[in-house]
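Take a look at the letters that make up each chain.
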Amino acid sequence: MSEFVIPAPTVPTVPTTTGGRFPVRRVFCVGRNYAAHAREMGHDPDREPPFFFTKPADAVVTDGADTPYPSVTRQLEHEVELVVAIGRGGSDIPVDAALDHVWGYAVGIDLTRRDLQAEAKRLGRPWDTAKGFDASAPVGTITPAADVDPTSGTVEFRVHGDVRQTGDLADQIWSVAETVAELSRFVTLAPGDLLFTGTPDGVGVVDRGDLLEGTIGGVGSVRTVIV
Ligand code: MN
């Protein structure tokens, strides 16, 4: 019998409202899915289809856990987002069947080293170190899909109670169904995949000691302190 030559990595998990835990396989993210945020980042939302990037599965920080301030940045920024938890895999999923592949929804924060992202954009380099660093993906408790309407709901992000981002899921350029279908053209989706679906405008910096809270009406919330 063969054995691992090093200790096997543990599977990251996220709590759900059912009491069971959701095992995380991969973390995908959508760029520029709200027109106002695309404009604040200097892009014309009408001319750009959505695009995808990734974070490691073990970048997930569960609700209430502390988030360590990352190394090699002086501009850590928040992006509050609806997170889709895939329960059934597939490729080339039709839009009208896409929501059948969703197990549930949560609120997440796509933490970003904005200074490194700006440098990567300028030099035409990948975003991995700007987006996919340790503890870059706080995710709240997952609510089963049957209890959620992913087409509308107030999105809000607060630092120490001060509102920094407000939006509505209805303002997404690409809906959850369209985004899941589009992503499944590029990869075969699998149970355990998470998909961050983009952020409204109002992104900005956070620092050590900040209490971060994201909420989406009808979905839930996520809370973390930067340490
Ligand atoms: Mn984002």
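Just above sits the structure.
Residues numbered from 1 in each chain as written. Predicted model: local features only at pLDDT ≥ 70, side-chain atom pairs only at ≥ 80, totals over all residues. Heavy atoms only, no water.

## Considerations on the coordination of the manganese ion
- Around the manganese ion, the protein contributes the donor atoms Glu79 (OE), Glu81 (OE) and Asp110 (OD), which lie 2.0 to 2.1 Å from the metal centre.
- Counting gaps between the donor residues of the manganese ion yields the pattern E-x1-E-x28-D. Of this pair, glutamate 79 sits in the loop between strand S6 (76–78) and strand S7 (80–86) while aspartate 110 sits in the loop between strand S8 (102–109) and strand S9 (112–113), and the two are 31 residues apart along the sequence. (Donors = N, O, S within 2.8 Å, 3.2 Å for Na, K, Ca; no water. Helix = DSSP H or I, 4+ residues; strand = E, 2+ residues; numbered from the N terminus.)

## Section: the side chain of glutamate 79
- For glutamate 79, a relative accessible area of 5% gives the class buried.
- Reaching out from glutamate 79, the side chain makes a polar contact with the side chain of arginine 114 at a distance of 2.8 Å.
- Among residues more than four places away in sequence, those in contact with glutamate 79 are His37, Gly108, Ile109, Asp110, Thr112, Arg114, Lys131, Gln165, Thr199 and Val203. (Buried < 20%, exposed > 50% of the residue type's maximum accessible area, 1.4 Å probe, protein only. Polar contact = N/O pair within 3.5 Å; in protein donor to acceptor, adjacent residues only side chain to side chain. Contact = heavy atoms within 4.5 Å.)

## Here we look at empty space enclosed by the protein
- In the structure shown here, the tally under the stated rule is one cavity of 30 Å³ or more.
- The wall of the largest cavity is formed by 17 residues, among which Gly31, Arg32, His37, Glu79 and Gln117 lie closest to the centre.
- Elements supplying a minimum of two residues to the lining of the largest cavity: strand S3 (27–31), strand S4 (51–55) and helix H2 (114–123).
- Of the residues forming the lining of the largest cavity, the biggest block, three residues, is contributed by H2.
- Class assignment for the residues of the lining of the largest cavity results in five nonpolar, five polar and seven charged. (1 Å grid on protein atoms, 1.4 Å probe; cavity = no way out; pocket = protein on both sides within 12 Å on 5 of 7 lines; lining within 4 Å. Points joined across faces, edges and corners; volume = space filled by probe spheres on them. Nonpolar A, V, L, I, M, F, W, Y, C, P; charged D, E, K, R; others polar.)

## Comments concerning helix H4 (residues 176–186)
- When you tally the buried positions in H4, you get eight out of eleven residues, the bulk of the element.
- Where H4 is concerned, the buried positions are Val176, Ala177, Thr179, Val180, Ala181, Glu182, Leu183 and Ser184.
- Elements that come into contact with the buried residues of H4 comprise S3, S4, S7, S8 and strand S14 (194–196).

## A word on the sheet that holds S9
- The three strands lie next to each other as S9-S6-S15, forming an open sheet whose pairing is antiparallel. Both edges of this open sheet fall to S9 and strand S15 (204–205), since each of them pairs with a single strand only.
- Sheet analysis places S6 next to S9, joined by two bridges and oriented antiparallel. Bridge pairing in S9 places glutamate 77 opposite threonine 112. (Pairing = 2+ DSSP bridges.)

## Overview of H2
- Considered for burial, the residues of H2 that qualify are Arg114, Leu116, Gln117 and Ala120. Seen from one end, H2 has its buried residues packed into an arc of 160°, which puts them on one side.
- As for H2, its buried residues are in contact with S6, S9 and helix H3 (128–131).
- Positioned one or two residues after H2, glycine 124 has a phi angle of 70°, which is positive. (Arc of directions from axis to C-beta.)

## Structural notes on the sheet that holds strand S16 (residues 211–216)
- Strand order in the open sheet made by the four strands is S13-S12-S16-S17, with antiparallel pairing throughout. Two strands bound the open sheet, and with one partner strand each, they are strand S13 (162–168) and strand S17 (220–225). Sheet twist, expressed as the average angle between the axes of neighbouring strands with direction ignored, equals 10°. (Axes fitted to C-alpha atoms, helices over the stretch in contact; angles between N-to-C directions.)

## As for the nonpolar core
- Within the largest apolar cluster, 35 residues are counted, with the highest numbers of intra-cluster contacts made by Val84, Tyr105 and Val180.
- For this core, the secondary structure elements donating two or more residues are S3, S7, S8, strand S12 (154–159), H4 and S16.
- Counting 19 residues, the second-largest nonpolar core is a separate cluster that includes Val24, Val27, Ala120 and Val139. (Core = buried A, V, L, I, M, F, W, Y, C linked by side-chain atoms within 4.5 Å.)

## Describing unusual backbone geometry
- Phi at arginine 32 is positive, roughly 50°, even though this residue is not glycine.
- With respect to the helices and strands, the residue arginine 32 is situated in the loop between S3 and helix H1 (35–40).
- Among the residues examined, arginine 32 registers a relative accessible area of 18% and is labelled buried.
- At alanine 135, a position not held by glycine, the phi torsion is positive, near 60°.
- Mapped onto the elements of the fold, alanine 135 is located in the loop between H3 and strand S10 (137–139).
- Judged by its relative accessible area of 11%, alanine 135 is buried.

## Looking at the pattern of salt bridges
- Scanning the entire structure with this criterion turns up eleven salt bridges.
- Salt-bridge contacts for arginine 185 lead to glutamate 182; the nearest nitrogen and oxygen are separated by 3.2 Å. Of this pair, arginine 185 and glutamate 182 both sit in helix H4, three residues apart, roughly one helical turn.
- Two residues, arginine 223 and glutamate 213, come together in a salt bridge whose shortest N-O distance is 3.7 Å. Highlighted residues: arginine 223 in strand S17 and glutamate 213 in strand S16, separated in sequence by ten residues.
- The class for arginine 223 is partly exposed, based on a relative accessible area of 44%.
- Among the ionic contacts, a cluster of salt bridges with common partners joins Lys55, Glu77, Glu79, Asp110, Arg114 and Lys131. (Salt bridge = Lys/Arg side-chain N within 4 Å of Asp/Glu carboxyl O.)

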